[in-house]
Amino acid sequence: MYTNPLHTKISYLKGVGPARADLLRKELGLSTLGDLMNFFPNRYIDRTQFYKIKDLQDTQAEVQLVGQITGLHTVGQKRGSRLVATFSDDTGSMELVWFRGVKWIKENLKLQTPYVIFGKVSHFKNTFSMPHPEMESVAAYKKSLQSALQPVYPSTEVLGKRGVSNRVIQKIVQQLFIDFKGKFKETLSNEIMQEHNLISKNEALFQVHFPESQEKLAKARYRLKLEELFYIQLQLVRKNLVRKKKIKGNIFENVGDFFNTFYKDHLPFSLTKAQKKVLKEIRKDVGSHAQMNRLLQGDVGSGKTIVALLSALIALDNGYQVAIMAPTEILANQHFNAIVELLGDMPANVSLLTGSVKTKARRVIHENLENGQLHILIGTHALIEDKVRFKNLGLVVIDEQHRFGVAQRAKMWKKNTLPPHILVMTATPIPRTLAMSVYGDLDISIIDELPPGRKEIKTALRYDTQRLSVFQFMKEEIAKGRQVYVVYPLIEESDAFDYKDLMDGYESISREFPRPNYQVSILHGRMKPADKDYEMQQFVEGKTQILVATTVIEVGVNVPNASVMIIESAEKFGLSQLHQLRGRVGRGADQSFCILMASHKLSDNAKTRLKTMVETSDGFVIAEVDLKLRGPGNLMGTQQSGVLNLKIADIIKDSSILKIARYTAQDILRKDPNLSLPKNKNILQTFVEIDRRTGVWANIS
Ligand code: ADP
Ligand code: MG
């Protein structure tokens, strides 16, 4: 049987004994030759350049010098001691310093011998010094496999301490190439290589580890990035195709009375182009044999609710029931009210099921669900309890999925029936490129347009010292009949400090805005649901002018008359949260405002966040910035997608390569779904190999 030599343990490599192999495995996760081959430098240093000591600058940069050691002495005592060498060239002297491994250095270092040294210089008391330099005699330097650009490999502190320097790693990789050069298997097809003008795998691997020039390195990196992203996309696209083939769905063939009557007589506005486009995509899905699994992204206020309702009506037209789930009671209530109002006198039965629904009413809902009299059930987590069984569930709409577990696991539908179609709606836009790789196995619809007539929300940054003028502004807006949100950060429900801030803020606002001229509501997570609803209702009905709240109002709350959003300690919020909060205003015809209150001391990161908020209201732009600031690790779904374990590509910086990778993967699978054509032989082999490692294949077949 063919055994892949790349599965060979690295301890077989010359220069890597069992101890070092163990260290490399523990510290860098390198156990096989294949791991080593794919262990890419994270940067390169141009070592064609030599510095003179007199030209050194206090920049902490890594530099290379040639010179000799002219003196060696130990400074300090016992554990605090260090070895200091005087290193000189024809322009001056500097110090080399060792805190560890002193004995070995002392024994091996030769005085008056030319060395090439390399490392980070620091400046201290008018002298430059370089701690733990990498060094090599000029003679050895000339002999070793050198390229103009020196790779710098990822490393760890432990490796440094145990003497496995970058130079040592380079030598190990060098050994791999002495054994294997030119023998690495090609992993892409000729077709792809020609189409995208890619260099071969062998050439790319060599150039990425031992670049001969900037140009060759760039080509090598491009080829390896495209390959890496291509195989991730191939997995995702393939998974999606398999799912569509395997998971049958209920076919909604008809568009009937529910939909048509509503569209003709009840729809209070005309749909935007984007809404129509998305609705078409959904209709196509539910009209096919496969189960729909669609993610609907649309910025705050882009009108996702109506899309959900129209989709629900198609389900009703085909005799199916619909579940709509929201992350909070407030939101579920709001959806319920909005949908009941939109439906008007239409003969659709809609109920609300949340934690606060009493047992008796609950029982009625359960009954009507099972006998099919109830058409649409709107609610919170309560919907996925075991007791909730639909007679004929055809569609599940999940609003704001980032707050939600997976509904697919729920037992809402009967065992022997087909699973319902699933529509997940989110107002937290994920940059398109990331969505492609994270949710590559879902279908994605985007509403990229707001309903007409929306005014841009004016956003400003104000400091605590300007609070009085902010109060003044609030008074002016309230005098015009508007309402105001004041939101406090609540990082954790249990954080007493945050509550204190909130209560202090509530008190000072109550003092500044006294009754009977002003009414102030308060809303936070520690309140009983009934109290929350009451306070919220007071605000919704315009009986209070100011709502002091925590982020419980973040998602979805809709009070068109509220036109001012004040966010306290805005620097404590993440970008997407700020964007969500701002989206609570700007829902009516009036000019809306968002005021970000911050302290003067701001981190760079916080400055960027607040500046972004002031400069743009485009959710996708905000999402891109957010992703850059936080990295993809914090985005939902990234853990499973493999985008975090990329070896060479960067999900953010390489988004254009990602697009190419995706189209290429789609194109190949469209023409050759099983990768059985001879020309795709390399791809099939590599794909199977990757799957064996990552187990994705096992999951889908
Ligand atoms: P979101 O996408 O944030 O859930 P909503 O569905 O709550 O947004 O819609 C926000 C507001 O915009 C609602 O008051 C809704 O009635 C209104 N709306 C939605 N679509 C349109 C449209 N095509 N034209 C005018 N107003 C619309
Ligand atoms: Mg919504």
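(A) Region of interest: the overall build of the chain. Scanning the chain from terminus to terminus reveals 25 helices and 22 strands. When its C-alpha atoms are laid out on the principal axes, the chain stretches across 95 × 70 × 40 Å. In the chain, once contacts between residues fewer than 6 apart in sequence are set aside, the share between residues at least 24 apart is 73%. When the accessible area of the chain is evaluated, it comes to approximately 34000 Å², of which 51% is carbon and sulfur surface.

(B) Spotlight on the side chain of glutamate 227. Within the element layout of this structure, glutamate 227 appears in helix 9 (residues 214-246). At 2.9 Å, the side chain of glutamate 227 forms a polar contact with the side chain of threonine 187. A polar contact is formed between the side chain of glutamate 227 and the side chain of lysine 201, at a distance of 2.8 Å. Residues within four places of glutamate 227 in sequence aside, it is in contact with Thr187, Leu188 and Lys201.

(C) A look at the pattern of salt bridges. Applying the stated criterion across every chain yields a total of 28 salt bridges. Here arginine 43 makes a salt bridge to glutamate 62, at a shortest N to O gap of 2.9 Å. Linking arginine 43 in strand 1 (residues 43-46) with glutamate 62 in strand 2 (residues 62-75), this pair joins segments that are 19 residues apart in sequence. For glutamate 62, a relative accessible area of 29% puts it in the partly exposed group. Lysine 500 is the salt-bridge partner of aspartate 504, the closest N and O atoms lying 2.9 Å from each other.

(D) A look at the packing of aromatic side chains. Within this structure, the stated rule accounts for 14 aromatic pairs. With a centroid separation of 5.8 Å and 80° between ring planes, the pair formed by phenylalanine 471 and phenylalanine 513 is classed as edge-to-face. Residue phenylalanine 471 is found in helix 16 (residues 467-479), and its partner phenylalanine 513 is found in the loop between helix 17 (496-512) and strand 19 (520-523); the two are separated by 42 residues along the sequence. We classify phenylalanine 513 as buried; its relative accessible area is 1%. Taken together, the aromatic side chains of Phe177, Phe180, Phe184, Phe206 and Phe210 make up a single cluster linked through ring pairs. A cation over an aromatic ring shows up here: lysine 475 above the ring of phenylalanine 513, its NZ or CZ 5.3 Å from the ring centre.

(E) Region of the structure containing helix 23 (residues 655-671). Helix length check: helix 23, at 17 residues, gives a terminal C-alpha distance of 24 Å against a target of 24 Å (1.5 Å per residue), a fit within 8%. Along helix 23, the residues classified as buried are Ile657, Leu658, Ala661, Arg662, Thr664, Ala665, Ile668 and Leu669. Taken end-on, helix 23 shows its buried residues confined to a sector of 165°, consistent with a single buried face. Residues of helix 23 that are exposed and angled more than 90 degrees away from the buried face: Arg670 and Lys671.

(F) Expanded view of the site of ligand 1. Every one of the 16 residues lining ligand 1 counts as a neighbour, but Gln275, Gly301, Lys304, Thr305 and Arg454 are closest to it. At a separation of 2.9 Å, a nitrogen atom of ligand 1 approaches a polar side-chain atom of glutamine 275. Measuring from an oxygen atom of ligand 1, one finds a side-chain N or O atom of lysine 304 at 2.7 Å. Protein contacts shield 78% of the accessible area of ligand 1, which totals 570 Å² for the unbound molecule.

(G) Quick look at the pairing of strand 5 (residues 115-120). Most of strand 5 sits inside the fold, with 5 of its 6 residues counted as buried. The pairing of strand 2 with strand 5 spans 6 bridges and is antiparallel. Counterpart to valine 63 in the pairing with strand 5 is glycine 119. The pairing of strand 5 with strand 8 (residues 134-137) spans 4 bridges and is antiparallel. Across the sheet, the residue bridging to isoleucine 117 is methionine 135, located in strand 8.

(H) View of the domain arrangement of the chain. One can read the domain layout of the chain as domain 1 (48-146), domain 2 (218-245 + 648-699), domain 3 (257-447) and domain 4 (458-616). When each unit is reduced to the centre of its C-alpha atoms, the spacing between domain 1 and domain 3 is 68 Å.

(I) Representation of the packing of helix 8 (residues 201-209) against helix 9. Two elements in contact, helix 8 and helix 9, have axes separated by 8 Å at closest approach and are oriented at 120°. One finds that helix 8 runs oblique with respect to helix 9. When you trace helix 8 past helix 9, the crossing you get is left-handed. Residues Lys201, Ala204, Leu205, Gln207 and Val208 of helix 8 touch helix 9, and the partners they reach there are Lys216, Leu217, Ala220, Arg221, Arg223, Leu224 and Glu227. Tallied by class, the residues present in the contact of helix 8 with helix 9 amount to 6 nonpolar, 1 polar and 5 charged.

The rules behind each value
Residues numbered from 1 in each chain as written. Chains lettered and ligands numbered in written order. Predicted model: local features only at pLDDT ≥ 70, side-chain atom pairs only at ≥ 80, totals over all residues. Heavy atoms only, no water. Helix = DSSP H or I, 4+ residues; strand = E, 2+ residues; numbered from the N terminus. Contact = heavy atoms within 4.5 Å. Areas by Shrake-Rupley, 256 points an atom, 1.4 Å probe, with all protein chains shown as cover. Polar contact = N/O pair within 3.5 Å; in protein donor to acceptor, adjacent residues only side chain to side chain. Salt bridge = Lys/Arg side-chain N within 4 Å of Asp/Glu carboxyl O. Buried < 20%, exposed > 50% of the residue type's maximum accessible area, 1.4 Å probe, protein only. Phe/Tyr/Trp six-rings, centres within 6.5 Å; stacked < 30°, edge-to-face > 60°. Lys NZ or Arg CZ within 6 Å of the ring centre and 35° of its normal. Expected span 1.5 Å × (residues − 1). Arc of directions from axis to C-beta. Near = heavy atom within 4 Å. Pairing = 2+ DSSP bridges. Domains from an automatic or database assignment. Axes fitted to C-alpha atoms, helices over the stretch in contact; angles between N-to-C directions. Parallel < 35°, antiparallel > 145°, perpendicular 65-115°, else oblique. Left-handed = near helix turned anticlockwise from the far one by under 90°. Nonpolar A, V, L, I, M, F, W, Y, C, P; charged D, E, K, R; others polar.

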